[in-house]
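Report on the structure
Listed below are the residues making up each chain.
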Amino acid sequence: MYSRGEKSKEGNLNLRLVNLNNQWHLRINLGNGEYVWARVIRSAKRKTDKWVGFISDIEYAAKTGEWFPYTVRLKLRDEKIYAQFSREEKLPEVTITEDNGVIGIDINAYPFHLALVHTTKDGNLEKYERISLDKLLEGSSEKREYLSWKVAHQVVEIAKRERKASVVENLEKIPKGKRGDGLPKLRQKLQKWVYKALLQKIEIVARRNGIQVIKVNPAYTSIIGKLKYAPLYNIDKDTAGAYVIARRGLGFKERLPKNYKQLLKDGDFLSYAIAKIEDKTAKLKQEIREEKNEYKRNRLKSILWKTRKELDLLLRYLRESGESESATQQTVNRKMERVQGLTHVRQKSWRVLSVALAFSCLESFRDLSPLKRVILTRDWVGAAKRASPSLPGQGTTVLNLYSFV
């Protein structure tokens, strides 16, 4: 049974706390004009117990008539009825704001951890750290809940010490996937632990301590981080993603570096990436034909479907972009500007760039160091040779060998 609180109904109309003969009872409305008076058994284990403050406020409201709404939920467990009370919390004034910089917070699955990135008010990287979340996957639900609150307090203590606001992702829904999608380990983690619960706890504890909490759109933070900041600062992609979250919380937008912009106009580069994707597609088809295990075949099919979408993205972009420019060597411009958000065109550019670089210049996204060469000098051929020593030449030679337009 659940009843939402109302100030005008002495706190709650249907489930109301009442003191009878110095014993607290819950008056339960049966809906037919009758009530049940259930005795409340609840002892305070310590002076700081919230129940003490709640009862004190109820007594004060009964004397003065200044009621406040409180919500009650009844649950039946082991043939006993439990009541859960909740009310709006009186939060202190925010005293720690973005004026002293922020801490960007990002949760990552592999390995399971929190990435914390400290930035100055003007968006520059100061330092970074990580907190392991492996223990949150162990033990009972009560133990995981306790450990989640412990991690939240640990994060807030860091923010208090540094006098910085916190920036977190605004997570509405986290897909858990399905069997055969190739992500069994990630799905197992998400099923055992509510992904966004920890961010919610961090927000609650931060507000209780007067720390400003900024929520940002998480779209493309990981892609931008791994392509732009991971190679430049020699940091891992998880830390780079948290850095983008921090900068977005400060109001900065992420422009494509100048050499990345020029790279998207280079037909040689895009055609070579398309050739690599088509080569992977052919290999996946062959593996699917030879694979006998149903679930492994489903995993390969999932990868093939994703690869085809990536190929379609590059082909469509190449058609829409028209004439491509030849390669030139220019220096990157890393100017930062304040903005309201990313446009759809820029988001698509980041996506295209991520796919093209992944297939042409990188062996894996664990080692992003080759991208530094691309950002600073736009030497994608040199980076591609490092990832694939069999690259047959450069410039128009590559375009002639792999003509798809």
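Since this is a predicted model, take the numbers as computed values, not measurements.

Definitions and limits used
- Residues numbered from 1 in each chain as written.
- Predicted model: local features only at pLDDT ≥ 70, side-chain atom pairs only at ≥ 80, totals over all residues.
- Heavy atoms only, no water.
- Salt bridge = Lys/Arg side-chain N within 4 Å of Asp/Glu carboxyl O.
- Buried < 20%, exposed > 50% of the residue type's maximum accessible area, 1.4 Å probe, protein only.
- Helix = DSSP H or I, 4+ residues; strand = E, 2+ residues; numbered from the N terminus.
- Pairing = 2+ DSSP bridges.
- Axes fitted to C-alpha atoms, helices over the stretch in contact; angles between N-to-C directions.
- Contact = heavy atoms within 4.5 Å.
- Lys, Arg positive; Asp, Glu negative; His and termini not counted.
- Polar contact = N/O pair within 3.5 Å; in protein donor to acceptor, adjacent residues only side chain to side chain.
- Expected span 1.5 Å × (residues − 1).
- Core = buried A, V, L, I, M, F, W, Y, C linked by side-chain atoms within 4.5 Å.
- pLDDT = per-residue confidence, 0-100.
- Phe/Tyr/Trp six-rings, centres within 6.5 Å; stacked < 30°, edge-to-face > 60°.

A look at the pattern of salt bridges
Within the structure shown, the criterion is met by 18 salt bridges. For the salt bridge of Glu10 with Arg16, the shortest nitrogen-to-oxygen distance reads 3.4 Å. What makes Glu10 partly exposed here is its relative accessible area of 36%. In this structure Arg16 comes out as buried when scored by relative accessible area, which is 11%. For Asp312, the salt bridge is made with Arg316, and the minimal N-O distance between the two is 2.4 Å. Here Arg316 and Asp312 lie together in helix H9 (residues 294-321), a separation of four residues that amounts to about one turn. Residue Asp312 is classed as partly exposed on the basis of its relative accessible area, which comes to 37%. Residues joined in a network through salt bridges with shared partners are Lys127, Arg161 and Glu162.

Comments concerning the sheet that holds strand S2 (residues 15-20)
Taken together, three strands build an open sheet; the order of strands is S2-S3-S4 and the sheet is antiparallel. Two strands lie at the open edges of the sheet, namely S2 and strand S4 (35-39), each paired on one side alone. Sheet twist, expressed as the average angle between the axes of neighbouring strands with direction ignored, equals 35 degrees. Pairing between strand S3 (residues 23-29) and S4: five bridges, direction antiparallel. Residue Asn29 lies in a different strand from S4, and its bridge partner there is Tyr35. Set on the sheet, helix H1 (residues 50-64) makes contact with S2 and S3; between it and S2 the angle comes to about 80 degrees.

Describing the environment of Leu357
As for its placement among the helices and strands, Leu357 is situated in helix H10 (residues 344-360). Put simply, Leu357 and Leu263 are 94 residues apart on the chain and 9.9 Å apart in space, counted from C-alpha to C-alpha. Those residues in contact with Leu357, other than ones at most four positions away along the chain, are Leu227, Tyr260, Leu263, Phe269, Leu362, Leu371 and Val374.

Some words on the sheet that holds strand S10 (residues 165-169)
Pairing is mixed in the open sheet, where five strands are placed in the order S9-S8-S7-S10-S11. In this open sheet, the two strands that pair with only one neighbour each are strand S9 (125-132) and strand S11 (213-216). Sheet twist, expressed as the average angle between the axes of neighbouring strands with direction ignored, equals 25 degrees. Helix H2 (residues 141-162) rests against strand S7 (102-108), strand S8 (113-119), S9 and S10 of the sheet, and its axis sits at about 160 degrees to S9.

Overview of the side chain of Arg248
By the element assignment, Arg248 lies in helix H6 (residues 237-249). Of the side chains with opposite charge, Glu254 lies nearest to the buried Arg248, which makes no salt bridge, at 6.8 Å. A polar contact is formed between the side chain of Arg248 and the backbone oxygen of Ala219, at a distance of 2.8 Å.

Overview of the pairing of S9
Across seven bridges, the pairing between S8 and S9 is antiparallel. Of the residues in S9, the one forming a bridge with His113 is Ser132. Adjacent in sequence and paired antiparallel, S8 and S9 are bridged by five residues, among which Gly123 carries a positive phi angle near 90 degrees.

Concerning helix H4 (residues 197-208)
Between the first and last C-alpha of H4 there are 17 Å, a value that for 12 residues agrees with the 16 Å anticipated at 1.5 Å per step. Those residues of H4 that are buried lie in contact with S7, S8, H2, S10 and S11.

Things to note about the nonpolar core
By size, the foremost hydrophobic cluster in this structure holds 45 residues, and its most contacted members are Tyr260 and Leu357. Sort the elements by how many residues they give to this core and H10 lands first, with seven residues. Contacts of Tyr260, omitting those with residues within four sequence positions, involve Leu227, Trp350, Leu353, Leu357, Leu371, Val374 and Ile375. Among the nonpolar cores identified, the runner-up in size contains 27 residues, and Leu137, Leu199, Ile202 and Ala206 belong to it.

Structural notes on the confidence of the model for the chain
Mean pLDDT over the chain stands at 83; residues scoring 70 or higher make up 82%. Confidence drops under a pLDDT of 50 for residues 173-183, and excluding neighbours within four residues, the segment shows 17 contacts in the predicted structure. Scored below 50 in pLDDT, residues 323-342 makes 52 contacts in the model with residues more than four places away or belonging to other chains.

A closer look at the packing of aromatic side chains
One pair of aromatic rings is described through two measures. These are the centre distance and the angle between the planes. Under the defined criterion, the tally for this structure stands at 11 aromatic pairs. On the numbers, 6.1 Å between centres and 55 degrees between planes, the contact of Phe68 with Tyr70 is tilted. Across the pair, exposure class does not vary: Phe68 and Tyr70 are buried alike. Their ring planes at 75 degrees and their centres at 4.7 Å tell us that Tyr229 and Tyr243 sit as a pair that is edge-to-face. Of this pair, Tyr229 sits in helix H5 (residues 221-233) while Tyr243 is found in helix H6, placing the two residues 14 residues apart along the sequence. A relative accessible area of 5% means that Tyr229 is categorised as buried. On the accessibility criterion, Tyr243 (1% relative accessible area) is buried. Among the aromatic residues, ring-to-ring pairing joins Trp51, Phe54, Phe68, Tyr70 and Phe85 into one connected group.

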